[in-house]
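Chain by chain, the residues run as shown.
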Amino acid sequence: MSRHAVCLTFDFDAMSVMVARGLKSPTPVSRGEFGAAAVPRILALLDKYRIKASWFVPGTVVKTYPDHCRRIIGAGHEIANHGWTHATPASLAPEKEEADLVRASEAIAEVTGRSPRGYRSPAWDLSPVTVDLLLKHGFLYDSSMMGHDHHPYFARRNDVVPDEEPIQFGETTTLVEMPVSWSLDDFPHFEFMRFKDVVFPGLANAALVLENWVHDFEYMARTEEWGCLTYTFHPFVIGRGHRMIVLERLICSLLERGAHFLTMEEAAERFRTRAAAEALRA
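We now turn to the structure provided with this report.

Calculation criteria
Residues numbered from 1 in each chain as written. Predicted model: local features only at pLDDT ≥ 70, side-chain atom pairs only at ≥ 80, totals over all residues. Heavy atoms only, no water. Helix = DSSP H or I, 4+ residues; strand = E, 2+ residues; numbered from the N terminus. Expected span 1.5 Å × (residues − 1). Buried < 20%, exposed > 50% of the residue type's maximum accessible area, 1.4 Å probe, protein only. Core = buried A, V, L, I, M, F, W, Y, C linked by side-chain atoms within 4.5 Å. Contact = heavy atoms within 4.5 Å. Phe/Tyr/Trp six-rings, centres within 6.5 Å; stacked < 30°, edge-to-face > 60°. Axes fitted to C-alpha atoms, helices over the stretch in contact; angles between N-to-C directions. Parallel < 35°, antiparallel > 145°, perpendicular 65-115°, else oblique. Left-handed = near helix turned anticlockwise from the far one by under 90°. Nonpolar A, V, L, I, M, F, W, Y, C, P; charged D, E, K, R; others polar.

A short note on helix α10 (residues 241-256)
Relative to the 22 Å expected for 16 residues at 1.5 Å per residue, α10 spans 23 Å between its end C-alpha atoms, a close match to the ideal helical length. Those residues of α10 lying buried are R243, M244, V246, L247, L250, I251, S253 and L254.

This is the structure:
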C-alpha cells in the first residue's frame, strides 16, 4: 500500500435490482438485461488498459448469466458475493441472511472454482449480524460501509446505538472494511427510477460527475502517503455509450496521476499486511 491505489468495482446486478423492488414486467426486466449486454464492452475496456477489477454479483445473476461470469473470471477479474438476491440484509431474518450468503457463495464457487473472499451488501445496508456472518464464513473483506473515503479499516460489530444517548462502539474485528461512498457510485448520479413514493432523478451530466471522481483521487494523492479509493459502477448504468467514454477518461486521468489499480482482494490483503506491520512497530 505504498502507492495510491484504486479499486474499480462493478455490481453486476442485472435485473435483480428491479425484481427486489417488485418490478417484474417486461420493461424493467429488459432494463436489467442491458447490464448483461454491457459486460463485454466493460471487459474490453479493462483489457485495453490491463486493469483487473472486482465484480460483485448476486447469486441469482450468477445462475442467470453463468457464461458472463466465466468471461469475467477468464479475464482475470475477481467475483465477490453480493447476496443471493438484491434484498438488503437489514430486511432479512438472520437465518435467511445466512442461508442466502452461503447459497450465493456456492453459486460463485461453481463458476469460479473457489469461494469468494469479499462481500458487498445490496444497497449497502448491513444487518446487526452481517459482520458476524462474514467472519463465520471466512470472508476477508466487506465493502458496504462508509467510515472513511480512502483508508480501509477493520470493521466493528455489536455497536450500541441509543436514540438519545452517546453511541457505544463495539469490538473491532479482523474483517477488513473497504469503504465506499454514494458520491463514487454511478447509480445515484445517472439512473432514473420512479416508484410509488419516490423518484430518483439521475441523468446527470457525465462529464461533470467525472470531475468529481477525479478530484477525489487528487485529494487522496495530495494529502496521504497511501490510500485506496473505491469506485462503484453498475454495467446497466455505466455501460451506456456516453458513460463508457467517461469511464475511459476516468481510467486515463487516474493513470496520468499515478494510480495503481488493484482488485479489492489484493487491496484488502495489502492493507492487512500493512496493519500487521504497524502493530509490530507500535
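Side note on the nonpolar core
Residues L8, F10, F12, W55 and Y231 are the most contacted members of the largest nonpolar core, which totals 56 residues. The leading source of residues in this core is helix α2 (residues 26-48), at 8 residues. Among all residues touching Y231, those that are not within four sequence positions of it are V6, C7, L8, T9, L184, W213, F217, L250 and L254.

Here's the deal with the side chain of H82
If you trace the backbone, H82 turns up in the loop between β3 (78-81) and α5 (94-112). Assessed through its relative accessible area of 1%, H82 is described here as buried. Setting aside anything within four residues of it in sequence, one finds H82 in contact with D11, D13, F56, V57, P58, R120, S121 and P122.

So, the packing of aromatic side chains
For the structure shown, the criterion picks out 12 aromatic pairs. Between F10 and F233, the aromatic rings sit 5.5 Å apart at their centres with planes inclined by 35°, giving tilted as the arrangement. Placement of the pair is F10 in strand β1 (residues 4-11) and F233 in strand β10 (residues 227-233), with a sequence separation of 223 residues. Between Y119 and F139, the aromatic rings sit 6.4 Å apart at their centres with planes inclined by 75°, giving edge-to-face as the arrangement. Taken as a pair, Y119 in strand β4 (residues 118-119) and F139 in the loop between α6 (130-136) and β5 (141-142) lie far apart in primary sequence, 20 residues in all. Note on accessibility: Y119 and F139 belong to one class, buried. Among the aromatic residues, those joined into a ring-pair cluster are F10, W55, F190, W213, Y231 and F233.

Comments concerning the packing of α2 against helix α4 (residues 66-74)
Any two packed helices are characterised by the angle at which their axes cross and by the distance between the axes. It is at 11 Å that the axes of α2 and α4 come closest, and there the two elements cross at 15°. Between α2 and α4, the angle falls in the class roughly parallel. The way α2 lies across α4 gives a crossing that is left-handed. Contacts between α2 and α4 pair A36, V39, P40 and L43 from the former with H68, R71 and I72 from the latter. Here the residues of the contact of α2 with α4 sort into 5 nonpolar, 1 polar and 1 charged.

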